[in-house]
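Spelled out from the first residue to the last, the chains are:
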Amino acid sequence: MTAIDRQVDYILELNPAYTELDRLFLVNRVRNLVGEAAAATPAAQDPLTNLDQLVDAAALTGQIEDRLSARQILEAELMALATPTPSQANATFWEKYQGAPRAATDWFYGLSRANNYIQTRAIAKNLGFTTKTEYGDLEITINLSKPEKDPKDIAAAAHASADATYPACQLCMENEGYAGRSDYPARGNHRIIRFSLGGRTWGFQYSPYAYFGQHAIFLDSVHEPMKITRTTFSNLLEILNLFPDYFVGSNADLPIVGGSMLAHEHYQGGKHVFAMNKAQVETPFLLPAWPTVAAGIVKWPMSVIRLESRDTEALVAAAEHVRTAWNAYTDETVAVRAYTNGVRHHTVTPIATRTGDMFRLDLVLRDNQTSAEFPDGIYHPHQDVQHIKRENIGLIEVMGLAILPARLKTELAEVKKYLLDQPNQIAASHKPWADQLKAQQSWTEANADAQLDDAVGHVFARVLEDAGVFKRDDAGRAAFGRFIKTL
């Protein structure tokens, strides 16, 4: 059997639009994509390994340029044949949904993995561990899944065509089926499930580089900037009605404290229970205007107000009360300022979950001020922890899952050698921290990996504490209490 035959078998297995009668048609479609010279490539039983062999053969024979973007475009086009059309995918999803929401999401997640849209093999390269802290078990991931840019693609991108403005961003609906280019990901095998939310058309897809189980993205069909309003809270709760097995949340809508895609309104969700979800309320308080809503401050390194109720209308109203109060709140004694020179600094990162008919909104208070002492952000990882994490603290990390840069894989290996007094090339940025670790503990080959993982996890806890607007000391607790009184 050839690799082309195996690919056609997989297309027939995965895409119900085709039957055995379509085999010759599909053979010719695949031959056209990979080139005649690749036709004799032997098959591999595993479909993704077989896909690799076809792409390798196409690059070797000159059917495509041997660069990363060209390979990814061919991969996506080959798997596009194995993927139901958008209309078919939507029809199947909502048909299965009638039986149970979980049946529909499990089917769509399985399809997105099987057709290589979710990059399962790349994700498997990520390094991960947990660290016990006073806030619970924080999850640490060193993100190795996204491939480094190919120098050939960087050069090609410099001569990008006028098409470079389409799609407007990677969250737009127009990505569905888009071929890709040297500076933009291939999306031939990408599918989006449409649904109605707040009277508008929205889309539901999975993240190609998922950080947790069924890492979903919910995106507005209109390309417009993110914003946190009362509608955000009602939208999040409505998504929980549609997908009761999921959590859903939004990044903040301001730079520094927001995520990386502020240009397009979207939320993230999925099947995962984070450390913050497990954290308990340590200081309950009352919201007299909403007696059906339980409220409290969560024991967490960031400043989190938890609201819970079976009455979703009251829950939305209470959340909006907190948001508008926080947006206007200033406390100079702890450097909390709503505005400077007319520029807004306050917003929230909201996360919604449900258990049965009980709904919860966790509102994480955010402040994006900068200062001469903290030019990257007063409530952002401070310089002494930026050797581990200097990027924005977005929704996922707020909840206790660190997404750390790939550079740490090699850098931490050198730190380990330094701690063991072995020849090393430790980065200067890590040395003060490593010296502290040396002074605090004894290091051996037997304990070095576990102790270093633990140390990294505790740095991430510090990162979250830096991002907390009300610190967990006497002054911070008193200040948090003053804000609560205004509610």
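What counts and what doesn't
- Residue positions are counted from 1 within each chain, in the order its sequence is given.
- Owing to the predicted nature of the model, reporting of local features is limited to residues with pLDDT of at least 70; listing and counting of side-chain atom pairs is limited to 80 or more, with chain, interface and lining totals taken over all residues.
- Computation of side-chain values: all heavy atoms of the structure, hydrogens and water removed.
- UniProt positions are given in the numbering used here, feature names are shortened, and annotations may be inferred rather than shown by experiment.
- By the criteria applied, helices consist of DSSP H or I runs no shorter than four residues and strands consist of E runs no shorter than two, each listed in order from the N terminus.
- The globule rule used for comparison is 2.2 Å times the number of residues to the exponent 0.38, while the radius of gyration itself is calculated over C-alpha atoms.
- Contact criterion: two residues are considered in contact whenever any of their non-hydrogen atoms come within 4.5 Å of each other.
- Surface accessibility in these figures is a Shrake-Rupley result with a 1.4 Å probe; residues are shielded only by whichever protein chains are displayed.
- Take the buried residues of types Ala, Val, Leu, Ile, Met, Phe, Trp, Tyr and Cys, join any two whose side-chain atoms come within 4.5 Å, and each joined set is a nonpolar core.
- Categorising residues by exposure relies on relative accessible area from a 1.4 Å probe, with only protein chains included: less than 20% of the type maximum marks a residue as buried, more than 50% marks it as exposed, and the intermediate range marks it as partly exposed.
- In short, DSSP must find at least two bridges between two strands for them to pair.
- Only the stretch in contact is used when fitting a helix axis, every axis being a line fitted to C-alpha atoms; angles between N-to-C directions are given from 0 to 180 degrees.
- Our angle categories are set so that under 35 degrees counts as roughly parallel, over 145 as roughly antiparallel, 65 to 115 as roughly perpendicular, and the remainder as oblique.
- Left-handed describes a crossing whose near helix is turned anticlockwise from the far helix by less than a right angle; the clockwise case is right-handed.
- For Phe, Tyr and Trp, rings pair up if their centres lie within 6.5 Å, where Trp contributes its six-membered ring, and each pair is then called stacked (planes under 30 degrees apart), edge-to-face (over 60) or tilted (otherwise).
- By this rule, a helix spans an expected 1.5 Å times one less than how many residues it contains.
- We call a pair of cysteine sulfur atoms a disulfide when they lie within 2.5 Å.
- Think of a polar contact as two N or O atoms within 3.5 Å of one another; within protein, one of them needs to be a possible hydrogen donor and the other a possible acceptor, and neighboring residues in sequence only count if both atoms come from side chains.

As recorded by an unreviewed UniProt entry, the protein chain carries the name Galactose-1-phosphate uridylyltransferase and is attributed to Lacticaseibacillus jixianensis. In its Subcellular location (unreviewed entry) section, the UniProt record describing the protein chain reads: "Cytoplasm". One UniProt comment on the protein chain, placed under Catalytic activity (unreviewed entry), says "alpha-D-galactose 1-phosphate + UDP-alpha-D-glucose = alpha-D-glucose 1-phosphate + UDP-alpha-D-galactose".

A few points about the overall build of the protein chain
Across its full length, the protein chain holds 16 helices and 15 strands. In summary, the protein chain has a C-alpha radius of gyration of 25 Å against a globular reference of 23 Å for 487 residues, a match within 12%. Along the longest, intermediate and shortest principal axes, the C-alpha atoms of the protein chain span 75 × 60 × 45 Å. The long-range fraction of contacts in the protein chain, counting pairs at least 24 apart against all pairs at least 6 apart in sequence, stands at 63%. By element, 53% of the accessible surface of the protein chain is carried by carbon and sulfur atoms, the whole surface being about 21,000 Å².

Some details on the nonpolar core
Among the nonpolar cores identified, the biggest contains 91 residues, and Phe204, Phe218, Ile305, Leu307, Phe470 and Phe483 are the most heavily contacted of them. Ranked by residue count, the leading element in this core is helix 11 (residues 312-327), at nine residues. What Phe218 contacts, discounting residues up to four positions off in sequence, is Phe195, Trp202, Gly203, Phe204, Ile239, Phe243, Tyr246, Val248, Glu265, His266, Tyr267 and Gly269. Core analysis: the next-biggest nonpolar cluster, separate from the first, contains 50 residues, Met302, Leu395, Val398 and Ile426 among them.

Here's the deal with the environment of Lys416
Within the element layout of this structure, Lys416 appears in helix 13 (residues 407-419). Taking the C-alpha atoms as reference points, Lys416 and Asp46, separated by 370 residues in sequence, lie 37 Å from one another. The contacts of Lys416, once residues within four sequence positions are left out, are Glu445, Ala448, Asp449 and Leu452.

Describing the UniProt feature "domain: Galactose-1-phosphate uridyl transferase C-terminal" (unreviewed entry) in the protein chain
Taking the numbering used here, the UniProt-annotated feature "domain: Galactose-1-phosphate uridyl transferase C-terminal" (unreviewed entry) corresponds to residues 241-434. Structurally, residues 241-434 is divided into 22% helix and 27% strand, and its ends, taken at the C-alpha atoms, are 48 Å apart.

Regarding the sheet that holds strand 10 (residues 304-309)
Here we have ten strands laid out as an open sheet, ordered 3-4-5-7-6-13-14-10-9-8, and antiparallel in their pairing. Of all strands in the sheet, those bounded by a partner on one side alone are strand 3 (193-197) and strand 8 (281-285). Going from strand to strand, the sheet's axes swing by 25° on average, the running direction of each strand aside. Relative to strand 5 (residues 216-220), strand 4 (residues 200-206) runs antiparallel, the two being bridged by five bridges.

Quick look at the pairing of strand 1 (residues 127-133)
One face of the sheet, then the other: side chains in a regular strand alternate in exactly this way. With seven bridges connecting them, strand 1 and strand 2 (residues 136-142) associate as antiparallel partners. The residue bridging Leu127 from the neighbouring strand is Ile142, located in strand 2. Between strand 1 and strand 2, which pair antiparallel and follow one another directly, the connecting turn spans two residues.

Section: the packing of helix 13 against helix 14 (residues 431-440)
It is at 10 Å that the axes of helix 13 and helix 14 come closest, and there the two elements cross at 40°. One finds that helix 13 runs oblique with respect to helix 14. Where helix 13 crosses over helix 14, the handedness of that crossing is right-handed. When helix 13 is examined against helix 14, the residues Leu412, Val415, Tyr418 and Leu419 are found in contact with a partner set consisting of Lys431, Trp433, Ala434, Asp435, Leu437 and Lys438.

Side note on the packing of aromatic side chains
With the rule as written, the count across this model stands at 33 aromatic pairs. Measuring from centroid to centroid gives 5.0 Å for Phe204 and Phe243, while their planes differ by 40°, and the two rings are tilted. On the criterion of sequence distance, the pair formed by Phe204 in strand 4 and Phe243 in the loop between helix 9 (230-242) and strand 6 (247-249) is long-range, its members being 39 residues apart. Relative to Phe483, the ring of Trp326 lies with its centre 5.4 Å away and its plane at 75°, an arrangement referred to as edge-to-face. With Trp326 in helix 11 and Phe483 in helix 16 (residues 474-486), this pair connects stretches of sequence that are 157 residues apart. Under the relative-accessibility criterion, Phe483 is labelled buried at 0%.

Some thoughts on helix 4 (residues 68-80)
For helix 4, which comprises 13 residues, the first-to-last C-alpha distance of 18 Å matches the rise-based estimate of 18 Å (1.5 Å per residue) to within 8%. Among all positions in helix 4, only Ser69, Ala70, Leu74, Glu75, Ala76, Leu78, Met79 and Ala80 are buried.

Regarding the state of the cysteines
Tallied over the entire structure, the rule returns zero disulfides. Between Cys169, a cysteine without a disulfide, and Cys172, which holds the nearest cysteine sulfur, the sulfur-to-sulfur distance is 3.8 Å. Of the residues examined, Cys169 reaches a relative accessible area of 10% and is grouped as buried.

Describing the sheet that holds strand 1
Strand order in the open sheet formed by three strands is 1-2-15, and the pairing between neighbours is mixed. Unpaired on one side and paired on the other, strand 1 and strand 15 (401-404) mark the two borders of the sheet. Adjacent strand axes in the sheet meet at a mean angle of 20° when their direction is disregarded. By the bridge criterion, four bridges tie strand 2 to strand 15 in an arrangement that is parallel. Counterpart to Ile140 in the pairing with strand 15 is Ala402.

Here's the deal with helix 11
Over its 16 residues, helix 11 runs 22 Å from end to end, which matches the ideal 22 Å to within 8%, given 1.5 Å per residue. Summarising burial for helix 11: twelve of the 16 residues are buried, a large majority. The complete set of buried residues in helix 11 reads Ala314, Leu315, Val316, Ala317, Ala318, Ala319, Glu320, Val322, Arg323, Ala325, Trp326 and Asn327. For helix 11, the side-chain oxygen to backbone nitrogen distance between the N-cap and Glu313 is 3.2 Å, and the N-cap itself is Asp311.

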